[in-house]
Amino acid sequence: MDNQDINGVKDLLKKGQWKYFFTLAAIVILLIAFRPWVQIGAGERGIVQNFGAVQDLVLGEGIHFKIPMVQTVTLMDVKIQKAMTDAASSSSDLQDVDLSVALNYHIIPDKANLVYQKIGVQFKERIIDPAIQEVMKAISARYTAEELITKRPIVSTEMQEALTLRLLASHISVDAFSIITFSFSQTFTDAIEAKQTAEQNALKAKRDLDRIKVEADQTIAAATAEAEALRLQKMNISPDLIELRKIEANLKAIEKWNGILPGVTGAGAIPFIGVGDVIKNQ
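Residues numbered from 1 in each chain as written. Predicted model: local features only at pLDDT ≥ 70, side-chain atom pairs only at ≥ 80, totals over all residues. Heavy atoms only, no water.

**Q** Which residues make up unusual backbone geometry, and what values do they have?
**A** You will see that Phe51, though not glycine, has its phi angle at about 50°, which is positive. On the secondary structure map, Phe51 appears in the loop between β2 (44–50) and β3 (53–59). Despite not being glycine, Met69 shows a phi value in the positive range, around 70°. Looking at the secondary structure, you find Met69 in the loop between β4 (62–65) and β5 (71–77). (Helix = DSSP H or I, 4+ residues; strand = E, 2+ residues; numbered from the N terminus.)

**Q** So, a nonpolar patch on the surface: which residues are in play, and what are the values?
**A** Residues Trp37, Ile63 and Phe65 make up a contiguous nonpolar surface patch of about 370 Å² in total accessible area. For Phe65, the location among the structural elements is in strand β4. (Patch = residues over 30% accessible without salt bridge, like charges linked within 9 Å, V, L, I, M, F, W, Y side chains within 5 Å. Areas by Shrake-Rupley, 256 points an atom, 1.4 Å probe, with all protein chains shown as cover. Salt bridge = Lys/Arg side-chain N within 4 Å of Asp/Glu carboxyl O.)

**Q** Explain the pattern of salt bridges residue by residue, including any values.
**A** Oppositely charged side chains can pair when the atoms bearing their charge come close. Taken as a whole, this structure holds five salt bridges when the rule is applied. With a closest N to O distance of 3.1 Å, Asp77 and Lys79 form a salt bridge. Here Asp77 falls in the partly exposed class, since its relative accessible area comes to 31%. Lys79 sits in the partly exposed class, given a relative accessible area of 40%. In this structure, Arg142 and Glu158 form a salt bridge, with 3.3 Å as the shortest nitrogen-oxygen distance. Placement of Arg142 in the loop between α4 (123–140) and α5 (145–150) and of Glu158 in helix α6 (residues 152–168) is noted, with a sequence separation of 16 residues between them. Residue Arg142 is classed as exposed on the basis of its relative accessible area of 55%. (Buried < 20%, exposed > 50% of the residue type's maximum accessible area, 1.4 Å probe, protein only.)

As structure tokens, this is what we get:
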């Protein structure tokens, strides 16, 4: 600051305009001290309170003004949140069941003031976790332990529907629900494995029996066909056919004869079977 600026400030102070500077400075200090505005971030809502009394007005995202020393604004998160909960329950056949589930939920934005007024900011511990525990136990008790495994999608849907109705009364909306794990006692797990092994062995035995039956049917069919063929052959055999076969055999032997009689006689000689019969018939 040069001498000219210093002289200008002195002139203003001499003229009594220094009061404006003090007034402006006081206003700035008061604004900083009381902050008559509030900024609501993305996925949040502002709960307005007049001297601690919750108002119907719910502030949306952005900057809003408030009355200093009269109004206070509490921020509440209305984005989708995730809750992981474990519960121990029993099935309808009195098997111990340990479940682990995941729930996605959010506070209904325009009802955030009611949630804050009736429940507070600890709504997960006060409302959501107990609701999950109760619903899981109630639904699990309707099914056997085996059905909890085989009908898992149905069980999950029933739990989600029950939680949706229960939490909606507290102005909390359910976005998604999933069963992460089902676990049972070691005794029941061993029994399930033994049952599966028995079913697999029974299925293998049935397949082997079916294969043996098919092979037996094929053998019977082949034997039946062969017997039928022999029967037909026997039906076609007659004395004339036998005589004709003899003649055909002798004729073939004559065709092959070179006109020379066997030089060996006696017990070891080979007779010329049927030649006389052929000559006689001619």
